[in-house]
Amino acid sequence: MNPIKIALLCLVMGSSYSFAECSNPTVPEMPDGSKATMDEMLAGKAAVGEFQKANAAYLECIGKEMEAIKATLKEGSKEDMAAAQKNFTQLADTYNAAVTAEETLAGKFNSEIRAFKAASKK
């Protein structure tokens, strides 16, 4: 096996290992806006903010891995490229799922804010 193949294989295999080090944040529980106190809603807002920060770091980590794999796709044997493409596809799916989780959380929190405001008017 030539040195370029070995380096590319290490990069592809290393990408899988490095990806495991990207820390997927846990989606926080949201307060029930129809029953929550102001303090609970503020805590929910803070939890959303912390999740968004952690998720941004997670997306950045995944993005770096995707860029490394793109470099692998430019050179290498068909076997190396097939493994790299598989890893890239998995990372892209994971990236998209993390974006969806953040959008879903934001939507849920906005719904709870509307419920809180409606309950406060009663």
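A short tour of the structure in this document, coming up. (Residues numbered from 1 in each chain as written. Predicted model: local features only at pLDDT ≥ 70, side-chain atom pairs only at ≥ 80, totals over all residues. Heavy atoms only, no water.)

Helix and strand content of the protein chain: 3 helices and 0 strands. Ordered by position from N to C terminus, the α and β elements of the protein chain give α-α-α. When the 122 residues of the protein chain are sorted by exposure, 28% land in the buried category. Only carbon and sulfur atoms are counted for the fraction: they give 59% of the accessible area of the protein chain, which is about 7800 Å². (Helix = DSSP H or I, 4+ residues; strand = E, 2+ residues; numbered from the N terminus. Buried < 20%, exposed > 50% of the residue type's maximum accessible area, 1.4 Å probe, protein only. Areas by Shrake-Rupley, 256 points an atom, 1.4 Å probe, with all protein chains shown as cover.)

With that settled, the discussion passes to the state of the cysteines. All chains considered together, the criterion is met by 1 disulfide. Covalent S-S linkage joins C22 and C61, the inter-sulfur distance amounting to 1.9 Å. Handedness here is read from the sign of the S-S torsion; for C22 and C61, about -80°, the answer is left-handed. Of this pair, C22 sits in the loop between helix 1 (3-21) and helix 2 (38-74) while C61 sits in helix 2, placing them 39 residues apart in sequence. (Disulfide = S-S within 2.5 Å.)

Counted by the stated rule, this structure contains 4 salt bridges. The salt bridge partner of E50 is K53, with a shortest N-O separation of 3.7 Å. With E50 and K53 both in helix 2 and 3 residues apart, this pair spans about one turn of that helix. A salt bridge links E112 to K108; the nearest nitrogen and oxygen atoms lie 2.7 Å apart. (Salt bridge = Lys/Arg side-chain N within 4 Å of Asp/Glu carboxyl O.)

The next subject is the environment of A92. Within the secondary structure, A92 sits in helix 3 (residues 78-120). For A92, a relative accessible area of 18% gives the class buried. Separated by 29 residues in sequence, A92 and G63 place their C-alpha atoms 8.6 Å apart.

Note on placement: E112 falls in helix 3. When its relative accessible area of 10% is taken as the criterion, E112 is described as buried. Those residues within four positions of E112 in sequence are excluded, and the remaining contacts are M30, P31, D32, G33, S34 and M41. (Contact = heavy atoms within 4.5 Å.)

Treat this as a map of the structure, not an account of what it does.
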